[in-house]
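Each chain, written out:
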Amino acid sequence: MDTATVRDTPTIGAAWREARYAFENAPAYRRLLAEAGVDPSGPAGEAAFRELPFTDKEFYRSNYPAGVVARAQVPANDKHVLKSHSSGTGGERLTTVAYTFDLARRMSATTSVFPALRAALLGLGSQRIARYAAPNCSDVECAAPNSTMESRLLRDGTLVLPVGHDLLATSEAQVAQAMDEIGSYRPDWFYTDATHFAFLIRQYLARGQSPPRPAAVILTYTLATQVARRQIRDALGVEVPIAEVVSMSELGWVAMDCPLGRLHLNNSAFHIELLDRVGLTPVSRGQIGELVITSLGDRLLPHVRYRTGDLYRLMTPCPCGHPAPTVRHEGRAVHFLYGQDSRTVSPKQFDDIVGADPHVIAYRMQQVSDRRFRLKFIAAPAAPADAGDALAARVRAALGARSLVDVQRVDYIPSERSGKFLSCVGSC
């Protein structure tokens, strides 16, 4: 087995300095290290760094702002500080602040894996961005029926389009309003959830209208399913660069697809670790590990050994030639499926089972008990009556013969409480 890991990076020194800065300027982090008996004033090194305790969302949620925002910084009324809130997918929402220039630096480094998309974004005369995603993903009220376009225009030029909290229950009026605003604002590119954007495209096509043709499309917020990607690509053609981006409210852009569709972690703006969830040791190629991130050079809200809860499989180097680590985002551990005979299926693996099935436009797989699973899918208008049979056979084969899989062809699938439309949900 190839034993290379993502810890083989030149950023360990910068990560150590980040820990030292957090120790000196963030009281909660100082207490954390004191309780762990770790002193970051010594020389940097892989072994010393791995002695640092982990942090997580709860640590930052409990200690925000006084305990984790660097005390030398004064974010109030600073035009370069962006305050945001997570969508709350994993529970309570997380409030965070970041310097806009740090977010821009991370975004720039992440786009280096896709030169054509990067050129498309940088070559624009303006930066009119349209966002179409779950309302909780934005700090504006885009689900309110009477909200105005002006009230949803962010200071970076992003127009947050109106959409229902429950995507597939979005009213006709909100769809029409979103289309009108797209026509009026004429966004240069879209920053969008894949399932949401596929829904929007279907609304255009159902009305006999042509979908917008932006310079680029960034898919984020949730796993971009292959059926959603298929619908977007069919509508926009191959000329429009489309890429999936892993972005976090607290850190910005973390990873991005290259032109070959392979995900690369941004290991120049962050110190990256992929760790086995049991032993908390670096994984080797082919194995799945939790993404643990240390920010680099963040003088406002540094993150040190931050456990994201997201699982990635470390892959072999990508033929595209970019040196950033190549990974597969398998999803959150809580959304893995556990079949019979010790079979485990990640959300990403389940999406591979569904594939770009032309008879499916959206789906939701859910584990409801140890042996029972429920797959709901919405069929394409021209799908035959037995469209789900082949899909059901593939799912049952993946989960084991003793697993009980209820496959339902439906007209509607509700969004999650967070407003996100998750395609694969575990039993937790």
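Note that the coordinates shown come from a computational prediction; the quantities given were computed from them, not determined experimentally.

Caption draft 1: Region of interest: the overall build of the protein chain. Counting its regular elements, the protein chain contains 11 helices and 19 strands. For the protein chain, whose C-alpha radius of gyration is 22 Å, the value lies close to the compact-globule estimate of 22 Å for 428 residues. With the principal axes as the frame, the protein chain shows a C-alpha extent of 65 × 55 × 40 Å. Here the protein chain holds 428 residues, and 54% of them are scored as buried. Sequence separation of at least 24 residues holds for 67% of the intrachain contacts in the protein chain that already meet a minimum separation of 6.

Caption draft 2: How the structure looks around the nonpolar core. Tyr29, Leu52, Val254, Leu265, Leu291, Ile293 and Tyr312 are the most contacted members of the largest nonpolar core, which has 45 residues in total. Here this core takes six residues from helix H1 (residues 12–25), the largest share from any one element. Residue contacts for valine 254: discarding those within four places in its chain leaves Thr110, Val246, Met248, His264, Leu265, Asn266, Phe270, Leu291 and Ile293.

Caption draft 3: Fine view of the pattern of salt bridges. Applying the stated criterion to the full structure yields 21 salt bridges. Taking the shortest distance from any N to any O, the salt bridge between lysine 57 and glutamate 250 comes out at 3.3 Å. Here the residue lysine 57 occupies a position in helix H4 (residues 57–63), and glutamate 250 occupies one in the loop between strand S7 (242–248) and strand S8 (252–257), the gap between them amounting to 193 residues. Ionic pairing is found between arginine 213 and glutamate 239, a salt bridge with its closest N-O pair at 3.8 Å. Here arginine 213 is found in the loop between helix H8 (194–206) and strand S6 (216–219), whereas its partner glutamate 239 is found in the loop between helix H9 (226–236) and S7, with 26 residues between them in sequence. Like glutamate 239, arginine 213 is exposed. Each member of the salt-bridge network shares a partner with another, and the members are Arg313, Arg328, Glu330 and Asp352.

Caption draft 4: A look at unusual backbone geometry. The amide bond that connects tyrosine 64 to the next residue, proline 65, takes the cis arrangement and shows omega of 0°. With respect to the helices and strands, the residue proline 65 is situated in the loop between H4 and strand S1 (81–85).

Caption draft 5: Here's a closer look at H1. Its 14 residues place the ends of H1 20 Å apart at the C-alpha level, agreeing with the 20 Å of an ideal helix rising 1.5 Å per residue. Among all positions in H1, only Ile12, Ala15, Trp16, Glu18, Ala19, Tyr21, Ala22, Phe23 and Asn25 are buried. Turning to H1, the residues buried within the fold contact helix H2 (27–36), helix H3 (46–49), strand S10 (270–275) and strand S11 (288–295).

Caption draft 6: Expanded view of H9. For H9, the complete set of buried residues consists of Val227, Ala228, Arg230, Gln231, Ile232 and Leu236. Tucked inside the fold, the buried residues of H9 contact H8, S6, S7, helix H10 (347–354) and strand S16 (360–367). Immediately downstream of H9, the backbone of glycine 237 shows phi near 80°, a positive value.

Caption draft 7: The arrangement of the side chain of histidine 196 in detail. By the element assignment, histidine 196 lies in helix H8. Among the residues examined, histidine 196 registers a relative accessible area of 0% and is labelled buried. Only 3.4 Å separates the side chain of histidine 196 from the backbone nitrogen of alanine 134, close enough to count as a polar contact. Setting aside its immediate chain neighbours within four residues, histidine 196 contacts Tyr132, Ala133, Ala134, Val163, Leu167 and Gly419.

Caption draft 8: Spotlight on the side chain of arginine 230. Mapped onto the fold, arginine 230 is located in helix H9. Nearest to the buried, unbridged arginine 230 among oppositely charged side chains is aspartate 234, at 4.1 Å. Here arginine 230 is in contact with Ala356, Asp357, Pro358, Val360 and Ile361, once residues within four sequence places are set aside.

Parameters at a glance
Residues numbered from 1 in each chain as written. Predicted model: local features only at pLDDT ≥ 70, side-chain atom pairs only at ≥ 80, totals over all residues. Heavy atoms only, no water. Helix = DSSP H or I, 4+ residues; strand = E, 2+ residues; numbered from the N terminus. Rg over C-alpha atoms; globule rule 2.2 N^0.38 Å. Buried < 20%, exposed > 50% of the residue type's maximum accessible area, 1.4 Å probe, protein only. Contact = heavy atoms within 4.5 Å. Core = buried A, V, L, I, M, F, W, Y, C linked by side-chain atoms within 4.5 Å. Salt bridge = Lys/Arg side-chain N within 4 Å of Asp/Glu carboxyl O. Expected span 1.5 Å × (residues − 1). Polar contact = N/O pair within 3.5 Å; in protein donor to acceptor, adjacent residues only side chain to side chain. Lys, Arg positive; Asp, Glu negative; His and termini not counted.

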